[in-house]
Amino acid sequence: MTHHHHGHSHAHHHGHGDAGNTGRFGFLRQYRVWIAAAIVLILTLSACLVTVEPGEAMVITRIGNPVRVVMTPGLALKWPVPIENTIPVDLRLHTTSSGLQDVGTRDGLRIIVQAYVAWQVPSDAEHVRQFLRAVQNQPDIAAAQLRSFVESSLEITAGSFDLASLVNTDPSKIQLNQLEDRLRARIDEQALKVYGITVKQVGIERLTLSTETLDATIDRMKAERDTVAAQRSAEGQREAAEITSRATSDSRIAIAKAKADAADIEANARVQSAAIYKQAYDTDPQLYSMLRSFDTLDATLGANTRLILRTDAAPFRVLVDGPGASTADSKARKPQP
């Protein structure tokens, strides 16, 4: 009896453990299903989402054909692979150099030019699709095609300019900006039409002369400088001649005026001197005669002069007889009326 009781009790406890285990395993199975479903959902969403980075466009293709272009940065929806695929297109600015190229100018001289082109794919769906079709989204292929455009455009455009308008010591005569503008207009039109890319800037990064052109340029510059030097020398000589002529004329006028003034002054002095002599004679004829005799002696005799003359002859008589005798003698000589 006792053994049977224990067996019954053992059987009873074993039945309750199996029920608990079955419930726990069922919950785990449901949990795993939900986890698997969540994982499948996440994977499906990730396959249906695409990230568009700034500076790029995302082309969504279906069986290889572009169906739409996403231009706005952020997340975009699409069908998962293999239904739809994505192709990112770079919209950032690219630069391409043409390399050194020998081109001719309008005046028949040769120059070596190297230009650069700054270009990019426009941010619109039509040109993005055109770029994708034309170069299979390969910027290197686009750069190679642009180089060929630049080479042909340089040859044509440089032929519209003389060498002096590209290389000159006078900055006001250099027309490199006009050359760059014409190059950009020509290249931009072809690149946008054929490849769907727009040219933002074209510049000349290097311009040199060939040996023949350099020699010709040096000779031309020397001739120009010689011409300028000759012109300036001629202008200097002409101005010097004008200055000399004006100075000579002014000096002649000044001399003539000075001579006229001197003649006027001398005439006035003689008139005044005659008046003074007359006044002196009228005041004292004897003193006047004596002073005039002294003036004559002073003008005639020098410091070392020796003369032997008669003392009774004028004007030396006054030295012997004095002024009174001379005056009396002069009165005695006057004819009587």
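Residues numbered from 1 in each chain as written. Predicted model: local features only at pLDDT ≥ 70, side-chain atom pairs only at ≥ 80, totals over all residues. Heavy atoms only, no water.

Draft legend 1. The packing of aromatic side chains, seen in detail. Taken as a whole and assessed by the stated rule, the structure comprises one aromatic pair. Aromatic side chains Phe149 and Tyr195 sit 5.9 Å apart centroid to centroid with 50 degrees between the ring planes, which places their arrangement in the tilted category. Here Phe149, found in helix α3 (residues 139–158), pairs with Tyr195, found in helix α4 (residues 176–195); they are 46 residues apart in sequence, far enough to count as distant. Note on accessibility: Phe149 and Tyr195 belong to one class, buried. (Phe/Tyr/Trp six-rings, centres within 6.5 Å; stacked < 30°, edge-to-face > 60°. Helix = DSSP H or I, 4+ residues; strand = E, 2+ residues; numbered from the N terminus. Buried < 20%, exposed > 50% of the residue type's maximum accessible area, 1.4 Å probe, protein only.)

Draft legend 2. Representation of helix α2 (residues 125–135) within the structure. The set of residues buried in α2 consists of His127, Val128, Gln130, Phe131, Leu132 and Val135. On its buried face, α2 is in contact with β2 (56–62), β3 (65–70), β5 (84–90), β8 (110–120), α3 and α4. Phi turns positive one or two residues past the end of α2, at Gln136, with a value near 55 degrees. (Contact = heavy atoms within 4.5 Å.)

Draft legend 3. Geometry of the layout of surface pockets. Of the pockets and cavities examined, the second largest pocket occupies roughly 240 Å³. Residues belonging to the lining of the second largest pocket are distributed by class as follows: four nonpolar, two polar and five charged. (1 Å grid on protein atoms, 1.4 Å probe; cavity = no way out; pocket = protein on both sides within 12 Å on 5 of 7 lines; lining within 4 Å. Points joined across faces, edges and corners; volume = space filled by probe spheres on them. Nonpolar A, V, L, I, M, F, W, Y, C, P; charged D, E, K, R; others polar.)

Draft legend 4. The arrangement of the pattern of salt bridges in detail. Going through the model one piece at a time under the given rule, you end up with seven salt bridges. Taking the shortest distance from any N to any O, the salt bridge between Arg110 and Asp102 comes out at 3.2 Å. Note on Arg110: relative accessible area 35%, which makes it partly exposed. You can call Asp102 partly exposed: its relative accessible area is 40%. (Salt bridge = Lys/Arg side-chain N within 4 Å of Asp/Glu carboxyl O.)

Draft legend 5. The confidence of the model for the chain, seen in detail. Scored by pLDDT, the chain has a mean of 80; 80% of the residues are at 70 or more. Across the chain, element-level confidence peaks in strand β6 (residues 94–97) with a mean pLDDT of 94 and bottoms out in helix α7 (residues 317–333) with 55. In this model, residues 330–337 is a region of pLDDT below 50 whose contacts with residues beyond four sequence positions or in other chains number one contact. (pLDDT = per-residue confidence, 0-100.)

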